[in-house]
Amino acid sequence: MIWIAVDAMGGDDAPGPVIDGALAAARHFDLGVVLVGPTARLCDEVAARGGIEPERLRLVDADGAVEMGESPSHVLRAKRNASIRVAADVVARGEAAALFSAGHTGATVLAAHSAFGMVDGVERPALAATVPTREHPAILLDVGASVEIGRAHV
């Protein structure tokens, strides 16, 4: 089973919709989810949704959340126990194979880079999105905005 670290406190109206999605993914795929956030609240939220098989769920405590207007570098320096930082550390320790956040993109990228760095030969991070196709979903990389204007290489 593959484990995914989930920043349960990231995104609009978190943690409810994030937990809904994480539990649905664990129920329908061969996945385990590590929900990161205030564990007492996460327990209540999971229980309110009917729970899940215990072997597919882990909770990791984090008491901070990143607000959308915050500076990503501020988050890395000042909010050491923010859910996105803790979730990235879960991946860095090898307790999960992937990281998911519906929250602050800049803070997510910086937390991931700080926790586990870059793949050799990769110069900058990319964002991924699944795109439906007629046969099966495809993954589209680098769907994020860039501050640099590049030229096409022909």
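All values reported here derive from a predicted model rather than from experimental measurement.

Asks: Explain the pattern of salt bridges here, please?
Replies: Where side chains of opposite charge bring their charged atoms close, a pairing between them can arise. In the structure shown here, the tally under the stated rule is seven salt bridges. In this structure, R49 engages D20 in a salt bridge whose closest nitrogen and oxygen atoms are separated by 2.4 Å. Note that R49 is positioned in the loop between α2 (39–48) and β3 (57–61) and D20 in helix α1 (residues 16–28), a separation of 29 residues in sequence. Judged by relative accessible area, R49 falls into the partly exposed class, the value being 26%. With a closest N to O distance of 3.8 Å, R41 and E45 form a salt bridge. Of the two residues, R41 and E45 both sit in helix α2, four residues apart, roughly one turn of that helix. R41 sits in the partly exposed class, given a relative accessible area of 38%. Under the relative-accessibility criterion, E45 is labelled buried at 17%. One network of salt bridges, in which partners are shared, links D20, R41, E45 and R49.

Asks: I would appreciate a short explanation of the nonpolar core in the present structure.
Replies: One broad rule of soluble globular proteins: the nonpolar side chains tend to lie buried together. Core analysis: the biggest nonpolar cluster contains 14 residues, and V6, I19, V33, L35, V46 and L57 have the highest contact counts within it. The set of elements that each furnish at least two residues to this core consists of α1, β2 (31–37) and α2. In terms of residues, this core owes the most to one element, α1, which gives five residues. The contact partners of L35, leaving out residues within four places of it in the chain, are V6, A8, I19, A22, L42, V46, L57, R58, L59 and V60. If you look at the next biggest cluster of nonpolar residues, it comprises eleven residues, including V60, A62, A87 and A96.

Asks: Looking at this model, I keep getting lost on the packing of helix α4 (residues 83–92) against helix α5 (residues 105–116). Mind explaining?
Replies: In helix packing, the relevant descriptors are the interaxial angle and the interaxial distance, both defined with respect to the helix axes. Here α4 crosses α5 at 35°, and the two axes come no closer than 9 Å. Considering the relative orientation of α4 and α5, their crossing is right-handed. Between α4, through I84, R85, A88, D89, V91 and A92, and α5, the contact on the second element is made entirely by A107, T108, A111, A112, A115 and F116. Looking at the contact of α4 with α5 residue by residue, the classes come out as nine nonpolar, one polar and two charged.

Asks: Could you clarify how one ought to interpret the pairing of β3 in this entry?
Replies: The two faces of the sheet receive side chains in turn, since in a regular strand these alternate between them. Bridge count between β2 and β3: five bridges; the pairing is parallel. By the bridge assignment, V34 is partnered in β3 with R58. At this point the chain moves from β2, through α2, to the parallel β3, and the crossover so formed is right-handed.

Asks: Even after reading the chapter, I still don't get the sheet that holds strand β1 (residues 2–7), so can you show me in this structure?
Replies: Sheets are built from strands that pair by backbone hydrogen bonding, the pairs being arranged parallel or antiparallel. Ordered in space as β3-β2-β1-β4, the four strands form an open sheet in which the pairing is parallel. Whereas interior strands pair on both sides, the edge strands pair on one side only; in this sheet they are β3 and β4 (98–101). Across the sheet, the axes of successive neighbouring strands diverge by a mean angle of 25°, strand direction being ignored. In this fold α1 packs onto β1, β2 and β4, with an angle of close to 160° to the strand it touches most, β2. Against the sheet, α2 touches β2 and β3, its axis set at about 150° to β3.

Asks: Is there a simple way to think about α5 in this case?
Replies: Helical geometry note: an α-helix holds 3.6 residues per turn, so side chains three or four residues apart project in the same direction. End to end, α5 covers 16 Å across twelve residues, agreeing with the expected 16 Å (1.5 Å per residue, within 8%). Regarding α5, the residues found buried are A107, T108, A111 and A112. Relative to the axis of α5, the buried residues are bounded by an arc of 130° and lie together on one face. Among the structural elements, α3 (72–78), α4 and β4 are those in contact with the buried residues of α5. Directly after α5, the chain includes G117, whose backbone phi takes a positive value near 70°.

Calculation criteria
Residues numbered from 1 in each chain as written. Predicted model: local features only at pLDDT ≥ 70, side-chain atom pairs only at ≥ 80, totals over all residues. Heavy atoms only, no water. Salt bridge = Lys/Arg side-chain N within 4 Å of Asp/Glu carboxyl O. Helix = DSSP H or I, 4+ residues; strand = E, 2+ residues; numbered from the N terminus. Buried < 20%, exposed > 50% of the residue type's maximum accessible area, 1.4 Å probe, protein only. Core = buried A, V, L, I, M, F, W, Y, C linked by side-chain atoms within 4.5 Å. Contact = heavy atoms within 4.5 Å. Axes fitted to C-alpha atoms, helices over the stretch in contact; angles between N-to-C directions. Left-handed = near helix turned anticlockwise from the far one by under 90°. Nonpolar A, V, L, I, M, F, W, Y, C, P; charged D, E, K, R; others polar. Pairing = 2+ DSSP bridges. Right-handed = clockwise from strand over helix to strand, strands pointing away. Expected span 1.5 Å × (residues − 1). Arc of directions from axis to C-beta.

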